[in-house]
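# Survey of secondary and tertiary structure
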Amino acid sequence: MTGTAPPPVVRVVRDPRDLEACRAVRKEVFVREQGVPEDLEYDGRDGDALQVLATAPDGTPLGTGRLLYGPGAADVTGGDGRVGALGRLAVLASARGAGVGAALVRAIEEAARAAGLGAVDLHAQTHALRFYERLGYEAYGDEFFDAGIPHRSMRRAL
């Protein structure tokens, strides 16, 4: 995909086919490319999450992400009901650099605002810190490892 490609279509996942497309993107990016074990990647929280899917105008899946919030997400939001947790952001290699990731983040933030949240937290792989910083996120805390990959916590007030 080039920088002149049409912008992605981003939508909240509402049907099983979209959910399956999200899982397929995550499997390609996290399991195949990065070597994350499937039992860690598919953590049982997808049913509680608001998920978004980015596609090309022809419907080809390009990327996905999810938002966890509310009482069921207290362990990932520090117990703060006004904070959501952005996660599982994945863009296929062929679509990177074309604005897909930023479009997914903005769609998740829009959903967080609609849910009445005041901030979004995430755990960024350290190689992606600058990407999130450009979108207004600030790193905090020490580096830590998740699935053997270095991460930092980040937050953006909405």
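Please refer to the structure higher up on the page.
Residues numbered from 1 in each chain as written. Predicted model: local features only at pLDDT ≥ 70, side-chain atom pairs only at ≥ 80, totals over all residues. Heavy atoms only, no water.

### Some remarks on the environment of Arg 152
By the element assignment, Arg 152 lies in strand E7 (residues 149–157). Assessed through its relative accessible area of 22%, Arg 152 is described here as partly exposed. Spatially, the C-alpha atom of Arg 152 lies 5.6 Å from that of His 123, the residues being 29 residues apart in sequence. Apart from the residues lying within four places of it in its own chain, the contact partners of Arg 152 are Leu 122, His 123, Ala 124, Thr 126, Leu 129, Ala 139, Tyr 140, Gly 141, Asp 142, Glu 143 and Phe 144. (Helix = DSSP H or I, 4+ residues; strand = E, 2+ residues; numbered from the N terminus. Buried < 20%, exposed > 50% of the residue type's maximum accessible area, 1.4 Å probe, protein only. Contact = heavy atoms within 4.5 Å.)

### Notes on the nonpolar core
Looking at soluble globular proteins, one finds that nonpolar side chains tend to be buried together. Counting residues in hydrophobic clusters, the biggest one holds 26 residues, and the most contacted among them are Leu 86, Tyr 132 and Tyr 137. Residue assignment for this core shows that the elements contributing at least two residues are strand E2 (50–55), strand E3 (61–68), strand E4 (83–91), helix H4 (100–114), strand E5 (119–125) and helix H5 (129–134). The element best represented in this core is H4, accounting for seven residues. In this structure, Val 25, Phe 30, Ala 90 and Leu 92 belong to the second largest nonpolar core, which totals seven residues. (Core = buried A, V, L, I, M, F, W, Y, C linked by side-chain atoms within 4.5 Å.)

### Remarks on the pattern of salt bridges
On inspection of all chains with the given rule, the structure shows 16 salt bridges. Of the charged contacts, one joins Lys 27 and Glu 38 as a salt bridge, the two residues approaching to 3.6 Å between their closest N and O atoms. Placement of the pair is Lys 27 in helix H1 (residues 16–33) and Glu 38 in helix H2 (residues 38–41), with a sequence separation of eleven residues. Of the residues examined, Lys 27 reaches a relative accessible area of 29% and is grouped as partly exposed. Here Asp 46 and Arg 66 are joined by a salt bridge, their closest N and O atoms 2.6 Å apart. Of the two residues, Asp 46 is situated in the loop between H2 and E2 and Arg 66 in strand E3; the sequence distance between them amounts to 20 residues. As far as the burial class goes, Asp 46 and Arg 66 line up, both buried. (Salt bridge = Lys/Arg side-chain N within 4 Å of Asp/Glu carboxyl O.)

### Points about H4
Taking 1.5 Å as the rise per residue, H4 with 15 residues should run 21 Å; its terminal C-alpha atoms sit 21 Å apart, in good agreement. Every buried residue belonging to H4 is among Val 100, Gly 101, Leu 104, Val 105, Ala 107, Ile 108, Glu 109, Ala 111 and Ala 112, and all of these are buried. Residue Gly 116 follows H4 closely and has a positive phi angle near 85°. (Expected span 1.5 Å × (residues − 1).)

### Section: the packing of aromatic side chains
All chains considered together, the criterion is met by two aromatic pairs. An angle of 75° between the planes, with centres 6.0 Å apart, marks the rings of Tyr 132 and Tyr 137 as edge-to-face. Here a set of aromatic residues connected by ring pairs shows up, and it is made of Phe 131, Tyr 132 and Tyr 137. If you follow Arg 23 out to its NZ or CZ, it ends over the ring of Tyr 42, 3.9 Å from the centre. (Phe/Tyr/Trp six-rings, centres within 6.5 Å; stacked < 30°, edge-to-face > 60°. Lys NZ or Arg CZ within 6 Å of the ring centre and 35° of its normal.)

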